[in-house]
Amino acid sequence: MHDERKAHWEKVYREKAEDEVSWFIADPETSLSLVESTGLSPADPIIDVGGGASHLVDHLLARGYSDLTVLDISPTALETARRRLGADADKVRWLEADVCALEGDGRWRLWHDRAVFHFLVKAEDRRAYLDSLARHLDPDGHVIVATFSFEGPRECSGLPVEQYDADKLLATFGSAFELLNLLEEIHVTPAGKEQAFNYFHLRRQA
Ligand SMILES: C[S@@+](CC[C@H](N)C(=O)[O-])C[C@H]1O[C@@H](n2cnc3c(N)ncnc32)[C@H](O)[C@@H]1O
């Protein structure tokens, strides 16, 4: 399964430029506003799970966040982001891994995921993702997870997705998490299509 997933995303990032993929966003303002609303200090550890070649890391560095990890299953996506950042790439920890099988002793205060969790359409994969989250998030850590809403697409990048509203997301994440905020966003893809996203800000209750 891991190999199939990796092959899919590697093919996407090898065939398309970073600003050609449907999820491209130059200025991830909704994510940034939620990150700032957590009240985290600049030195708190943040991970962008399935960050790919996203520009979020560039903006977080520019705002002074200094303990940043970008995780992705695609080494090509990570290399694209690294090259873009140039010398600043050394300020970031880059992790090539499947989030559903995240190993090591990394511990983060904020877990950010835009458009990754919603690809997990099998219960066993969602369980594995949530096990990774439980192991690697601070006991009172923050989670920002962005998924397609019920008005959003049913598939992306040729893969089926699971859509979420607040009730469904909370039922999936479980009672250890409380919902602090929900922002809706209409993302316009580089091809001009509109996609309805929900951005959930959750906090684990210590
Ligand atoms: C739709 S893209 C979103 C990328 C990025 N979060 C953004 O907002 O631009 C999904 C990303 O998740 C990565 N991905 C998919 N499944 C993954 C998994 N199981 N573990 C880690 N990364 C994964 C893909 O390689 C891709 O970069």
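Everything that follows concerns the structure shown earlier in this document.
Read on for a plain summary of the structure. Quick caveat, the model's predicted, so the values are computed rather than measured.

### Observations regarding the overall build of the protein
For step 1, the next point in the chain: Helix and strand content of the protein: six helices and nine strands.
For step 2, the next point in the chain: Against the 2.2 N^0.38 benchmark of 17 Å for 206 residues, the protein shows a C-alpha radius of gyration of 16 Å, consistent with a compact globule.
For step 3, the next point in the chain: Taken over the C-alpha atoms alone, the protein extends approximately 40 × 35 × 30 Å along its principal axes.
For step 4, the next point in the chain: For the protein, the residues scored as buried account for 51% of the 206 residues in total.
For step 5, the next point in the chain: Summarising the internal contacts of the protein: among those between residues at least 6 apart in sequence, 69% fall at separations of at least 24.
For step 6, the next point in the chain: Carbon and sulfur atoms make up 47% of the accessible area of the protein, which amounts to about 9700 Å² in all.

### Side note on the packing of helix α1 (residues 2-15) against helix α4 (residues 75-85)
For step 1, the next point in the chain: It is the contact of α1 with α4, at a shortest axis distance of 7 Å, that shows an interaxial angle of 40°. Here α1 is positioned oblique relative to α4, judged by the angle of their axes. On the side of α1, the interface is formed by Lys 6, Glu 10, Tyr 13 and Arg 14, while α4 contributes Pro 75, Thr 76 and Ala 77.
For step 2, the next point in the chain: Class assignment of the residues belonging to the contact of α1 with α4 gives a composition of three nonpolar, one polar and three charged.

### Focus on the nonpolar core
For step 1, the next point in the chain: Core analysis: the largest hydrophobic core is formed by 36 residues, its most contacted members being Ile 46, Leu 60 and Trp 94.
For step 2, the next point in the chain: With sequence-adjacent residues up to four places away left out, Leu 60 is seen in contact with Leu 32, Val 35, Ile 46, Tyr 65 and Leu 68.
For step 3, the next point in the chain: By size, the runner-up hydrophobic cluster in this structure holds 25 residues, among which are Ala 97, Leu 102, Ala 128 and Tyr 164.

### Observations regarding the layout of surface pockets
For step 1, the next point in the chain: Roughly 770 Å³ of volume is contained in the largest pocket.
For step 2, the next point in the chain: If you go around the largest pocket, you meet 40 residues; those closest to its centre are Trp 9, Ala 115, Val 116, Phe 119 and Leu 159.
For step 3, the next point in the chain: Elements that contribute at least two residues to the lining of the largest pocket include exactly α1, β1 (46-49), β2 (68-72), β4 (108-114) and β7 (159-160).
For step 4, the next point in the chain: Residue composition of the lining of the largest pocket, by class: 23 nonpolar, eight polar and nine charged.
For step 5, the next point in the chain: Of the pockets and cavities examined, the second largest pocket occupies roughly 210 Å³.
For step 6, the next point in the chain: Lining the second largest pocket are 13 residues; nearest its centre among them are Lys 16, Val 21, Ser 22, Thr 189 and Gln 195.

Conventions and cut-offs
Residues numbered from 1 in each chain as written. Predicted model: local features only at pLDDT ≥ 70, side-chain atom pairs only at ≥ 80, totals over all residues. Heavy atoms only, no water. Helix = DSSP H or I, 4+ residues; strand = E, 2+ residues; numbered from the N terminus. Rg over C-alpha atoms; globule rule 2.2 N^0.38 Å. Buried < 20%, exposed > 50% of the residue type's maximum accessible area, 1.4 Å probe, protein only. Contact = heavy atoms within 4.5 Å. Areas by Shrake-Rupley, 256 points an atom, 1.4 Å probe, with all protein chains shown as cover. Axes fitted to C-alpha atoms, helices over the stretch in contact; angles between N-to-C directions. Parallel < 35°, antiparallel > 145°, perpendicular 65-115°, else oblique. Nonpolar A, V, L, I, M, F, W, Y, C, P; charged D, E, K, R; others polar. Core = buried A, V, L, I, M, F, W, Y, C linked by side-chain atoms within 4.5 Å. 1 Å grid on protein atoms, 1.4 Å probe; cavity = no way out; pocket = protein on both sides within 12 Å on 5 of 7 lines; lining within 4 Å. Points joined across faces, edges and corners; volume = space filled by probe spheres on them.

All quantities given are derived from atomic positions and should not be read as evidence of function.
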